[in-house]
Amino acid sequence: MSYIDLHTHTTASDGTLKPQELVRLAEKTGLAAIAVTDHDTVEGLEAALEEGVALGLEVVPGVEISVDFINETHILGYFIDFYDPNLRTALERLREFRRKRNPLMVERLNQLGFAITLEEVAREAGGKVIGRPHIAKALMNKGYVKSIHEAFALYLTQGKPGYVDKEKLVAQEAIELITNSGGIAVLAHPKCLQLDLLDLEKAVQDLVQLGLKGIEAYYSTHSQPETQYYLQLAEKYNLLPTGGSDFHGSNKPEIKLGKLAVPYHLLTKLKIEAQIRQAP
Ligand code: AMP
Ligand code: ZN
Ligand code: FE
Ligand code: FE
């Protein structure tokens, strides 16, 4: 049986491995394919795809977009045309929303007595996309928290004193953006919506109306019964089930590449769907 991982982050957003390094690690761990799904950017995709060709590892171009819907709703886009100017313009707008939020979060944390600067956070990020994990790292470097997890639990999640909301697309905009650039829109980590079964099903129905084509059934924090439930939900609503770990390198040290057993045949179905939709 071959396995895949359709949810990974690189240094282009808030992962700690460069795109090439991620692809090399995926090859070394024996994965048959990966998708690179950085937040709000397609910057790492070219390098990842090139390395994939060099190593004979299948690399799927992807992206992950946070949306204004319910709690932490994230939409993954697969097989997007990452040269599409409309997609690139929209993603730049999302990065602009981050640029507005980051100084506000630093300011909040300064008010709480933590002497971190935006420059320190930006240094952690390296690339163009600054995210909360980089803020968490800056807090950790100064010894204010022992781990990234602690930084999130105490200060950086919604409702905690260091949190500032960023402007987001609504679900419809994100799904249309992905679909219009030839991609397949998939609901990421449904467990993170933190809904009971009835409300989750309603949310899925709403997203299907907006053009959702898949649901991430396999995920690092999904138990086996949860995965089974999401697979059933996929079948009920004619959604493609997908799966990925949400690997972030040392920014999420508990998640190791190659541990989540996502069967390859899910990617086969995704590819068939992408070809159908890209046909003239
Ligand atoms: P942002 O896009 O800047 O709002 O940051 C969201 C990212 O922060 C997610 O994609 C995760 O990588 C990370 N994250 C969110 N919640 C947690 C948490 N409780 N512990 C560790 N990382 C988290
Ligand atoms: Zn992330
Ligand atoms: Fe996510
Ligand atoms: Fe992610």
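Residues numbered from 1 in each chain as written. Chains lettered and ligands numbered in written order. Predicted model: local features only at pLDDT ≥ 70, side-chain atom pairs only at ≥ 80, totals over all residues. Heavy atoms only, no water.

Q: Any chance you could explain the coordination of the iron ion (ligand 4) here in plain terms?
A: In an ideal tetrahedron of four donors about a metal, each angle is 109.5 degrees. In an ideal octahedron of six donors, the angles are 90 or 180 degrees. Surrounding the iron ion (ligand 4) are the protein donor atoms His7 (NE2), His9 (NE2), Glu64 (OE) and Asp246 (OD), at 2.1 to 2.2 Å. Taken together, the four donor atoms coordinating the iron ion (ligand 4) and their angles of 78 to 166° define a geometry best described as irregular. In terms of primary sequence, the donors binding the iron ion (ligand 4) are separated according to H-x1-H-x54-E-x181-D. Between the iron ion (ligand 4) and the zinc ion (ligand 2), the interatomic distance is 4.5 Å. Of this pair, Glu64 sits in strand S3 (residues 58-68) while Asp246 sits in the loop between strand S8 (240-244) and strand S9 (262-263), and the two are 182 residues apart along the sequence. The class of Glu64 is buried, set by a relative accessible area of 1%. Relative accessible area serves as the criterion here: at 3%, Asp246 is assigned to the buried category. (Donors = N, O, S within 2.8 Å, 3.2 Å for Na, K, Ca; no water. Tetrahedral: all angles 85-135°; square planar, octahedral: opposite > 155°, others 65-115°. Helix = DSSP H or I, 4+ residues; strand = E, 2+ residues; numbered from the N terminus. Buried < 20%, exposed > 50% of the residue type's maximum accessible area, 1.4 Å probe, protein only.)

Q: In this structure, what is going on with the coordination of the iron ion (ligand 3)? I would like to understand it.
A: In this structure, Glu64 (OE), His74 (ND1) and His189 (NE2) serve as the protein donors to the iron ion (ligand 3), at separations of 2.1 to 2.2 Å. When the donors of the iron ion (ligand 3) are listed by position in the chain, the intervening gaps give E-x9-H-x114-H. For the pair the iron ion (ligand 3) and the zinc ion (ligand 2), the metal-to-metal distance amounts to 5.9 Å. With His74 in strand S4 (residues 73-78) and His189 in the loop between strand S6 (184-187) and helix H8 (197-209), this pair connects stretches of sequence that are 115 residues apart.

Q: Sorry if this is basic, but what is going on with the nonpolar core here?
A: As a rule of thumb, soluble globular proteins bury nonpolar side chains together. By size, the foremost hydrophobic cluster in this structure holds 66 residues, and its most contacted members are Ile34, Ile65 and Tyr78. Among residues more than four places away in sequence, those in contact with Ile65 are Asp40, Thr73, His74, Ile75, Leu91, Leu94, Leu169, Ala174, Leu177 and Ile178. In terms of nonpolar packing, the next biggest core, distinct from the first, is built from 19 residues, Phe114, Ile130, Leu139 and Val145 among them. (Core = buried A, V, L, I, M, F, W, Y, C linked by side-chain atoms within 4.5 Å. Contact = heavy atoms within 4.5 Å.)

Q: Even after reading the chapter, I still don't get the packing of aromatic side chains, so can you show me in this structure?
A: Centre distance and the angle of the planes are the two values used to describe a pair of aromatic rings. Per the counting criterion, the structure on display carries four aromatic pairs. With a centroid separation of 5.0 Å and an interplanar angle of 70°, the aromatic rings of Phe114 and Tyr155 are classed as edge-to-face. With Phe114 in the loop between helix H3 (85-111) and helix H4 (118-125) and Tyr155 in helix H6 (residues 148-156), this pair connects stretches of sequence that are 41 residues apart. Under the relative-accessibility criterion, Phe114 is labelled buried at 11%. On the basis of relative accessibility, which here comes to 17%, the residue Tyr155 falls in the buried class. Judged by centre distance (5.7 Å) and plane angle (65°), the rings of Tyr229 and Tyr230 are edge-to-face. Overall, Tyr230 belongs to the buried group, its relative accessible area being 6%. Chaining the aromatic ring pairs together yields one cluster made of Phe114, Tyr144 and Tyr155. (Phe/Tyr/Trp six-rings, centres within 6.5 Å; stacked < 30°, edge-to-face > 60°.)

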